[in-house]
Amino acid sequence: MTDQPAADPAGTSADEPDTKLRRAVTGPLLYLFILGDVLGAGVYALVGAVAGEVGGAIWVPLLVALLLALLTAASYAELVTKYPRAGGSAVFAERAFRSPVMAFLVGFCMLAAGVTSAAGLALAFAGDYLGVFLDVPAAPAALVFLLAVALLNARGIQESLRANLVMTLVETSGLVLVVVLGAVVLSRGDGDLGRSVEFPPGVSAGTAVLSAALLAYYSFVGFETSANVAEEVRDVRRVYPRALFGALLTAGLVYVLVGIAAAVVLPPGDLAGSSGPLLEVVRAADAGIPDRLFSLVALIAVANGALLTMIMASRMAYGLAEQHLLPAVLGRVLPRRRTPWVAIAVTTLVAMGLSLAGDLATLANTVVLLLLFVFISTNTAVLVLRRDRVEAPHFRTPFVVPVLGIVSCLVLLWQQEARTWAFAGILLAVGVVLYLVTALPRRRAEARERTPVS
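Because the structure is a prediction, the values reported are computed rather than measured.

This part takes up helix 3 (residues 59-82). An ideal rise of 1.5 Å per residue puts 34 Å on 24 residues; helix 3 measures up with 34 Å between its terminal C-alpha atoms. The buried fraction of helix 3 is high, at 20 of 24 residues.

Set out below in structure tokens:
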């Protein structure tokens, strides 16, 4: 349930704390910001992988993933409206558990998830969508793509909600086109709607859906980054929950329709065998849509996702270095561009290594695994911070929702394969080592300074 504060004519709630940042983000712009973060790149690449797990019933795990994402989104809605100054999951963890180590691990999980996601998107970029334009091996193309992203990142990219609006429209147009083509194929009698409820023979439907939901969940991640703009949203306590849930429901509806359309047009085996499954749908629909046009839309969606992800990852590495939680060298910036070039270089090299070591499905599952730890922390923080009362009215989710959020995360963790745990474990082990090397000596020195000399 939500308690709504009154807003003044300027659009700012009287209950909102002062901030140095300009509150320029309206409800509609926040909705588009979240929708642009969630929608697009994942589903362009993963429909085939989901079909490989669940057969033609692609829409079912997408719907399950939406419901699971909404559980954790409710926890973010409560914490963001309760603490509108807070900067995200790591800050929520520090406030709830009062442990710098816990806050670091949550922040590093988000950093590692971002780098891994960029590696997966690089593989998606270098697949069949790029093959329409260039016949080049996937691995070198992925490395060149990540290098190009790093150079753009280092040059300095001023992101704006207007640019995000344009990219969101491009991404959405491609997905809407797939849905329309599915309807056209069905109307002329060439499609098979029955495939959309068929599961692979000899496999339990429940097992197949849970396994595919892991991949599908990757298509919904991104909503959690909206917590970082809380201080810039007008009347945040009123508009944030509406924008968050509205964006997720919109993305879920589009994804479900895309899943049904893909199954109508093509058998799951044809989808699973392609790294550009939606391009195969467009080709099979035979409606006169040029391959190059749709592939360009898909490449824009994937490239934009990778660029935004690497900007986030490099800035997070820089921020952790500034807080003396990662090596100080990651805090170096280019003198003129004022961009964190060492953090950009290191995160790019890690992404390159992951793109060579893993396939798209494994990398997507690793992203989900890392973020599941973040989401468990956030859902738990809601319960812990219930005893911390604030005067301003805010969104309050029923007690059972974060509990179900924790349970859902544990269920998805249980479904992860050993290879995925190994990828995530290596990344987290690197983070722990870096923390021990960087933070512990400083904390010991601070403790010695506080100890009185006898």
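With that out of the way, let us pick up the packing of aromatic side chains. Across all of its chains, the model carries 13 aromatic pairs by this definition. Aromatic pair Phe104 and Tyr435: ring centres 4.8 Å apart, planes at 35°, arrangement tilted. Here Phe104 is found in helix 5 (residues 100-125), whereas its partner Tyr435 is found in helix 17 (residues 418-450), with 331 residues between them in sequence. Residue Tyr435 is classed as buried on the basis of its relative accessible area of 6%. The residue whose ring lies beneath Arg95 is Tyr83, and the NZ or CZ to ring-centre distance is 4.0 Å.

On to unusual backbone geometry, then. Unlike most non-glycine residues, Arg98 shows phi in positive territory, near 50°. Inspection of the secondary structure puts Arg98 in the loop between helix 4 (89-97) and helix 5. A positive phi angle is found at Asp286, which is not glycine, with a value near 50°.

What follows is about the side chain of Ser196. Take Ser196: it is sitting in the loop between helix 8 (161-187) and helix 9 (205-218). Owing to a relative accessible area of 6%, Ser196 belongs among the buried residues under this scheme. Reaching out from Ser196, the side chain makes a polar contact with the backbone oxygen of Leu193 at a distance of 2.6 Å. Setting aside chain neighbours within four positions, we find Ser196 in contact with Gly56, Ala57, Trp59, Ile260 and Ala263.

The full count for this structure, using the stated rule, is five salt bridges. Its salt-bridge partner being Glu78, residue Arg386 comes within 2.8 Å of it at the nearest N-O pair. Taken together, the residues span a long stretch of sequence, with Arg386 in the loop between helix 15 (360-384) and helix 16 (400-414) and Glu78 in helix 3 at a distance of 308 residues. Between Asp291 and Arg283 there is a salt bridge; the shortest N-O distance is 2.8 Å. Classification of Asp291 by relative accessible area gives partly exposed; the value is 27%. What makes Arg283 partly exposed here is its relative accessible area of 38%. What emerges from the salt-bridge pattern is a single network uniting Glu280, Arg283 and Asp291.

Contact geometry for helix 13 (residues 291-322) and helix 14 (residues 341-357): axes closest at 8 Å, N-to-C directions at 125°. As judged from the angle between their axes, helix 13 and helix 14 are oblique. The way helix 13 lies across helix 14 gives a crossing that is right-handed. Residue-level contacts link Met310, Ala313, Ser314, Arg315, Ala317 and Tyr318 of helix 13 to Ala343, Ile344, Thr347, Thr348 and Ala351 of helix 14. Of the residues in the contact of helix 13 with helix 14, the class split is seven nonpolar, three polar and one charged.

Reading the values: rules and limits
Residues numbered from 1 in each chain as written. Predicted model: local features only at pLDDT ≥ 70, side-chain atom pairs only at ≥ 80, totals over all residues. Heavy atoms only, no water. Helix = DSSP H or I, 4+ residues; strand = E, 2+ residues; numbered from the N terminus. Expected span 1.5 Å × (residues − 1). Buried < 20%, exposed > 50% of the residue type's maximum accessible area, 1.4 Å probe, protein only. Phe/Tyr/Trp six-rings, centres within 6.5 Å; stacked < 30°, edge-to-face > 60°. Lys NZ or Arg CZ within 6 Å of the ring centre and 35° of its normal. Polar contact = N/O pair within 3.5 Å; in protein donor to acceptor, adjacent residues only side chain to side chain. Contact = heavy atoms within 4.5 Å. Salt bridge = Lys/Arg side-chain N within 4 Å of Asp/Glu carboxyl O. Axes fitted to C-alpha atoms, helices over the stretch in contact; angles between N-to-C directions. Parallel < 35°, antiparallel > 145°, perpendicular 65-115°, else oblique. Left-handed = near helix turned anticlockwise from the far one by under 90°. Nonpolar A, V, L, I, M, F, W, Y, C, P; charged D, E, K, R; others polar.

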